[in-house]
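# Residue-level structure breakdown
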Amino acid sequence: MMRPLYIDGAFGCRVILDDPALRIIVPDRADQLFPLSRISRVVCQGSVEWSTQALLACADAGIQLLFLEKSGAIRARWLGQSGE
């Protein structure tokens, strides 16, 4: 089952590709792995640093990303490949 992934940006929060998953790295916390095949979309709020490889893997998998300001206002959208 595919589900949305919500990332609440914290100081030093990074997303990298650990194929076939996204690895969320936050200082002083255990890393978290999220398989791309289980992610429907990603919503990031606040400061989250993304690697280019992670962004492109999401695009290739058709996963859309939404970047929000801390206030919740939309900052940017990243659209993956459509299924068409």
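Structure: above.
Residues numbered from 1 in each chain as written. Predicted model: local features only at pLDDT ≥ 70, side-chain atom pairs only at ≥ 80, totals over all residues. Heavy atoms only, no water.

## Section: the sheet that holds strand 1 (residues 3-8)
Rule in force here: Should DSSP find at least two bridges between two strands, the strands are taken to pair. Helix and strand assignments follow DSSP, with helices taken as H or I runs no shorter than four residues and strands as E runs no shorter than two, numbered in order from the N terminus. Axis definition: a line fit to C-alpha positions, over the contact stretch in the case of helices; interaxial angles, taken between N-to-C directions, run 0 to 180 degrees.
Pairing in this open sheet of 4 strands is mixed, and the strands run 1-5-7-8 from one edge to the other. The sheet terminates laterally at strand 1 and strand 8 (74-78), the two strands that pair on one side only. Across the sheet, the mean angle from the axis of one strand to that of its neighbour is 15°, orientation sign disregarded.

## Quick notes on the pattern of salt bridges
As a reminder of what qualifies: Salt bridge, as used here: a side-chain nitrogen of Lys or Arg that lies within 4 Å of a carboxyl oxygen of Asp or Glu. With a 1.4 Å probe rolled over the protein chains alone, any residue whose accessible area is under 20% of its type maximum counts as buried; one over 50% counts as exposed, and the rest are partly exposed.
Within the structure shown, the criterion is met by 4 salt bridges. With its nearest N and O atoms 3.6 Å apart, the salt bridge here joins Lys-70 to Asp-8. Of this pair, Lys-70 sits in the loop between strand 7 (64-68) and strand 8 while Asp-8 sits in strand 1, and the two are 62 residues apart along the sequence. Per residue, the accessibility class of Lys-70 equals that of Asp-8, and both read exposed. When the shortest N-O distance is used, the salt bridge between Glu-69 and Arg-75 registers 3.8 Å. Relative accessible area serves as the criterion here: at 36%, Glu-69 is assigned to the partly exposed category. Classification of Arg-75 by relative accessible area gives exposed; the value is 61%. In the salt-bridge network here, residues are joined through shared partners; they are Asp-18, Arg-23 and Asp-31.

## Side note on unusual backbone geometry
Cis geometry is found at the peptide bond from Asp-19 to Pro-20, where omega equals 10°. Along the polypeptide, Pro-20 turns up in the loop between strand 2 (14-18) and strand 3 (21-25). Not every positive phi belongs to a glycine, and Asp-28 is a case in point at roughly 65°. Its relative accessible area of 85% is what places Asp-28 among the exposed residues.

Any functional reading would require information that these geometric values do not contain.
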